[in-house]
Amino acid sequence: MLRGLFTTFKEMLARPVTIQYPEQKRPVQERFKGRHELKRYDNGLEKCIGCALCAAACPSNAIFVEAAENTDEERYSPGERYASTYEINMLRCIFCGFCEDACPTEAIVLEKDYELSYTDRATAILTKDQLIVKVPAGGQATPQKTEPGLYDRSVPEMKNPTN
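All of the points below concern the structure found in this document.

How each quantity is defined
- Residues numbered from 1 in each chain as written.
- Predicted model: local features only at pLDDT ≥ 70, side-chain atom pairs only at ≥ 80, totals over all residues.
- Heavy atoms only, no water.
- Helix = DSSP H or I, 4+ residues; strand = E, 2+ residues; numbered from the N terminus.
- Expected span 1.5 Å × (residues − 1).
- Buried < 20%, exposed > 50% of the residue type's maximum accessible area, 1.4 Å probe, protein only.
- Disulfide = S-S within 2.5 Å.
- Pairing = 2+ DSSP bridges.
- Core = buried A, V, L, I, M, F, W, Y, C linked by side-chain atoms within 4.5 Å.
- Contact = heavy atoms within 4.5 Å.
- Polar contact = N/O pair within 3.5 Å; in protein donor to acceptor, adjacent residues only side chain to side chain.

Let us now look at helix H1 (residues 2–13). Taking 1.5 Å of rise per residue, 12 residues should cover 16 Å, and H1 covers 17 Å from first to last C-alpha, within 8% of that figure. For H1, a buried count of zero out of 12 residues is recorded, marking the element as mostly open to its surroundings.

Right, let's get into the state of the cysteines. Considering all chains together, one arrives at zero disulfides under this definition. Cys48 forms no disulfide, and the closest cysteine sulfur to it belongs to Cys54, at a distance of 6.2 Å. The cysteine Cys58 is free of any disulfide, with Cys96 supplying the nearest cysteine sulfur at 6.0 Å. Assessed through its relative accessible area of 12%, Cys58 is described here as buried.

What follows is about the sheet that holds strand E2 (residues 63–69). Reading across from one edge, E2-E3-E5 is the order of the three strands in this open sheet, with antiparallel pairing throughout. Looking along the sheet, the strands with just one partner apiece sit at the ends: E2 and strand E5 (125–126). In terms of strand pairing, E2 meets strand E3 (residues 81–89) through seven bridges, oriented antiparallel. Note that in E3 the partner of Glu66 across the bridge is Thr85.

Below, the discussion takes up the nonpolar core. Counting 21 residues, the largest nonpolar core has Leu38, Ile63, Val65, Tyr86, Ile88 and Ile108 as the members making the most contacts within it. At the level of secondary structure, the elements contributing two or more residues to this core comprise helix H2 (53–57), E2, E3 and strand E4 (108–110). In terms of residue count, the dominant contributor to this core is E3 (three residues). With near-sequence residues (within four places) excluded, Leu38 lies in contact with Cys48, Tyr86, Ala107, Ile108, Lys128, Leu131, Ile132 and Val133.

The next thing to look at is unusual backbone geometry. Cis geometry marks the peptide bond from Thr142 to Pro143, where omega comes out at 0°. Counting through the fold element by element, Pro143 comes out in the segment after helix H4 (128–131). Although it is not a glycine, Phe95 adopts a positive phi angle of roughly 55°.

Its location among the elements puts Asn70 in the loop between E2 and E3. A relative accessible area of 10% places Asn70 in the buried class. In terms of polar contacts, Asn70 uses its side chain to reach the backbone carbonyl oxygen of Arg81, at 3.4 Å. Discounting chain neighbours no more than four positions away, the residues touching Asn70 are Arg75, Tyr76, Ser77, Pro78, Gly79, Glu80, Arg81 and Tyr82.

Everything listed here is a matter of geometry and, on its own, says nothing about what the molecule does.
Next up, the structure:
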């Protein structure tokens, strides 16, 4: 009993650890899974090819993907198809990361953003425009006009896939 009282007394004298939340963000662990993002290649093309493997892997049916065909006049991603509609219902999402693991092009990534709050159900459904990252410096916005035959693979050839 004395050891328990000593522990309580010792904790009363310790300085409190307080983070001033809105001004200072709490650091997250390396394996933390937060808000989803759809990534782009350096040239501005979207990585998502509309294969819907993320939707198939999602145990809570939170992802909806609808694919459309790419053309050389209107190219959104390399390969034949792109995701014309990409929606995630954040009220259903359990942040398991299966969508991230299933994606062959590493298009969907769970990032470190943990500030997620919604006032109604409609705002909790994130669309492709809300999920996709900005065009990187030196890239072009989609749709792009490309020369015929430039993109014949959905996934670019990897130089050293062992790393």
